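# Coordinates in review
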Amino acid sequence: MRTRALLLDRELTLRTGPLELPEPQPGEVLIRVEWAGVCGSDLHVLRTGDWVSYWPATLGHEVTGTVEHCPGGELATGTLVVADSRVPCESCAGCAAGPNRCERLAWVGEAHPGGFAGHLLLPVGRVVPCPVSLEPAVAVLAEPLAVARHAISRGPGHPERVVILGYGPIGALVHLALTAGRESPPEVTVIEPVGSRRELAAALGAETSARDDIAGRPAAVRPQLVVDAAGYPGSLADAVARTATGGTVLAVALGHEQARLLPAEIAERELTITGSIGFAGELPDAVAALARDPDRYRPVVTEAVPLEDAPGRLRELLAAPSPGKVLIRP
Amino acid sequence: MTSPTPLVAAARARLADIPAYRPGRPGPGPASGKLSSNESPFGPAPAVRAAMAAAASTAGHYPDEHRARAVLAAEAGVEPSRVLLTNGSDELCYLLASVFLAPGRVAVVSDPPYQIDATASLLAGASLSRVPLRDGVHDLDAMTAAARQAAVVWLPSPHNPTGTTVRPADLAAFLARVPAGCLVVLDEAYRAFADPACQPDIGPLLAAHPNLVVQRTLSKDWALAGLRVGYALAAPELVEVLTRARPPFSVNSVALAAIEGGARAGAWQAMTVARVREQRSLLENELGHLDVEYYPSQANFVTARLDAGLIGPPLAASGLAVRPGADLGLPGWVRISIGWAPQMAALRAVLRELSRSGALHPEPAIREQARR
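Basis of the calculations
Residues numbered from 1 in each chain as written. Chains lettered and ligands numbered in written order. Predicted model: local features only at pLDDT ≥ 70, side-chain atom pairs only at ≥ 80, totals over all residues. Buried ≥ 20, exposed ≤ 12 C-beta atoms within 10 Å, placed from the backbone. Helix = DSSP H or I, 4+ residues; strand = E, 2+ residues; numbered from the N terminus. Pairing = 2+ DSSP bridges. Core = buried A, V, L, I, M, F, W, Y, C linked by C-beta atoms within 7 Å. Contact = placed C-beta atoms within 7 Å. Domains from an automatic or database assignment. Nonpolar A, V, L, I, M, F, W, Y, C, P; charged D, E, K, R; others polar. Axes fitted to C-alpha atoms, helices over the stretch in contact; angles between N-to-C directions.

### Some thoughts on the pairing of strand β3 (residues 28-37) of chain A
All names here are of chain A. With eight of 10 residues buried, β3 lies mostly within the body of the structure. As defined by bridge partners, β3 adjoins strand β8 (residues 119-123) across five bridges and the pair is classed as antiparallel. Across the sheet, the residue bridging to Ile31 is Leu120, located in β8. Inspection of the sheet shows β3 paired to strand β4 (residues 62-69) by seven bridges, in the antiparallel sense. Bridging from a neighbouring strand, Ile31 pairs with Val67 of β4. Note that β3 and strand β17 (residues 325-329) share two bridges and pair antiparallel. Directly across from Gly37, in β17, lies its bridge partner Leu327.

As structure tokens, this is what we get:
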């Protein structure tokens, strides 16, 4: 079948055009895309072409849409679903532990056409149905929320003080996931240079600062958890410097610069540095959390762009970050 | 159908001039598609939600409104003695009408008015002096003239259903000309969404004009429409009189806790207002680009000359509903509440598509075809 899509050429030029998708087979589902979210990793691909295994590529791995055709009948036509963004090889030792531990883990949009398109074809086991009450523009946050929830699951259980470096959508969703449903939520401080992102953080209840003096604070009031959701050169070292002795640094951002760390500091201060990639079983939980309290998450989405306007807007985003999540509507 | 009892027939006769209130219809999809009631797309602030949840355990006691009045007074920059809380600002309309209007008295409204102002006045037995809007804006000269024979002037600014404001300098001049024996009710339900230059400095106006009542609500920028909280800012003597007429515990304890929580919600409200202004600007630009007439709005809605019957079905197909202007005294127009970015993008896409198909500005025959 033919659908309209955002196409990234090998020369990294963006345009909209027709995309041919194979007819869905038993075990597959054809989804009519409602909304697709722009992830920081999409912007990285637009800059570099990294990770893409086919051209022209159609990115977009944060996707919600309705079932248009499911030959095997596993899902009823019209069912709202969110896409599982992971494309594991299903044959390596890592896959035995879970898809996000795959040694050759790829992602929807980079391994095969993604959601910046009118339609998306996926294995039927790679979608999560949503309650009918959940609006699609909120449901599309399920994938990044699952990433945030998985990251938190890798850190200490109930920290009293948390610092989040970087308040892009993942930083914001980590914040919301840390405080959701908690009678005594942690005190969250956000370090973020972009003013509009700090305003969002403040609205959602965080203390905010463009620059911080946390490294100079007495050890007793340093955060037990520092989340690196920024990924700028040196962000991991900054996170280490700000963490309380015995605390945890959670590396969520995909920084691409070498980090300069002093091993003795990590040993002497008994720091834990933990990585987190994608999600394990958190996608259905994220859908349920969004359905329970959509108002809590709605402010994270700050912009919605028609597919036809997406090439221009995405080019702008490469130069100037948005305050929050940008959605594309086919 | 059986004929009504004499009791019902008498009640119907008395209410013959009072139209039934028709609330904005929800969209066919999720709640955020309801762009027909000027609600907030983001709900109340986290601090307000937490305060309401904590207040559930206090429901066994009668409410104490002193702290809440202090919060609202501080926000408005006036003394707490100038604050009167009501169960939604609509209760304040009925309260003012019951105290200051009666058969033989006159209330001045713009035409079309905010409907509750007209309803409350008529229920009190007063007659209405209707002053037509000029280009969607209050005609203050004509209202001044009408006020000379009136007991009350209802003045929403930004106005509902047009979203237009009275400039602060014009308001000050108007208040100086209205007789001191005529009450002026300045309804500022949508004040927060107006540009700062369109927001009058209320403290000095209240001090200079003891006949001024400023009416506000927590239903809009505070996003507490379901909680029903409004308030008046007025001279302490007026507050005292109105308090005597008001039911003693008009605002419940959960609502009072929400007000107290609102003292810690400034960043949330600023975010909400900024997002509404941004989306309002995008919508007005789109309407201008599509050559659709609209009233430049300072509120959280935009009223445009669009055929509700034409745009209703394609909007419904996108999960959206807007308010037909006929409900609000503006047939041939629709009032579009400003919603969340995805809903507004979907709405703009529908308008663009209708424009592309020629349906927005068609010859009459084509319009009829499009409606089918």
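Moving on, there is more to tell.
### Description of the sheet that holds strand β9 (residues 301-304) of chain B
Strands belonging to one sheet form pairs held by backbone hydrogen bonds; the direction of such a pair is parallel or antiparallel. All names here are of chain B. Reading across the sheet, the four strands line up as β1-β10-β11-β9 and stay open at both edges, with mixed pairing between neighbours. Because the sheet does not close on itself, it has two edges, and the strands there are β1 (34-35) and β9. As judged from the four bridges shared by β9 and strand β11 (residues 334-337), these two strands associate in the antiparallel manner. Paired with Phe301 across the bridge in β11 is Ser337.

### As for the nonpolar core
With 205 residues, the main nonpolar core has Val82(A), Ala142(A), Val174(A), Leu290(A), Val152(B) and Val153(B) as its most contacted residues. The contacts of Ala142(A), once residues within four sequence positions are left out, are Val82(A), Leu283(A), Ala286(A), Val287(A) and Leu290(A).

### Observations concerning helix α10 (residues 253-262) of chain B
All names here are of chain B. A large share of α10 lies buried, amounting to eight of its 10 residues. For α10, the complete set of buried residues consists of Ser253, Ala255, Leu256, Ala257, Ala258, Ile259, Gly261 and Gly262. Buried residues belonging to α10 abut α2 (46-55) and α3 (66-76).

### Details of the domain arrangement of chain A
Residue and element names in this part refer to chain A. For chain A, the assigned domains are domain 1 (2-143 + 278-329) and domain 2 (155-275). Listed as interface residues are 11 residues of domain 1 and, on the opposing side, 13 residues of domain 2. When contributions to the side of domain 1 that touches domain 2 are tallied by element, the ones reaching two or more residues are α1 (40-48) and α10 (294-297). Here the residues of the side of domain 1 that touches domain 2 sort into six nonpolar, three polar and two charged.

### Concerning the interface of chain B and chain A
With 15 residues of chain B in contact, the opposing surface of chain A contributes 20 residues. Of all the secondary structure elements, the ones that give two or more residues to the side of chain B that touches chain A are α11 (266-289) and α13 (341-356) of chain B. Broken down by element, the side of chain B that touches chain A gets its largest block of residues, four residues, from α13(B). Of the residues in the side of chain B that touches chain A, the class split is 12 nonpolar, three polar and no charged.

### Focus on the sheet that holds strand β14 (residues 248-251) of chain A
All names here are of chain A. Strand order in the open sheet formed by six strands is β12-β11-β10-β13-β14-β15, with parallel pairing between adjacent strands. Two strands bound the open sheet, and with one partner strand each, they are β12 (207-209) and β15 (272-275). Taking each pair of neighbouring strands and ignoring which way they run, the sheet shows an average axis angle of 20°. For strand β13 (residues 225-228) and β14, the ladder comprises four bridges, and the chain directions are parallel. Of the residues in β14, the one forming a bridge with Val226 is Val249.

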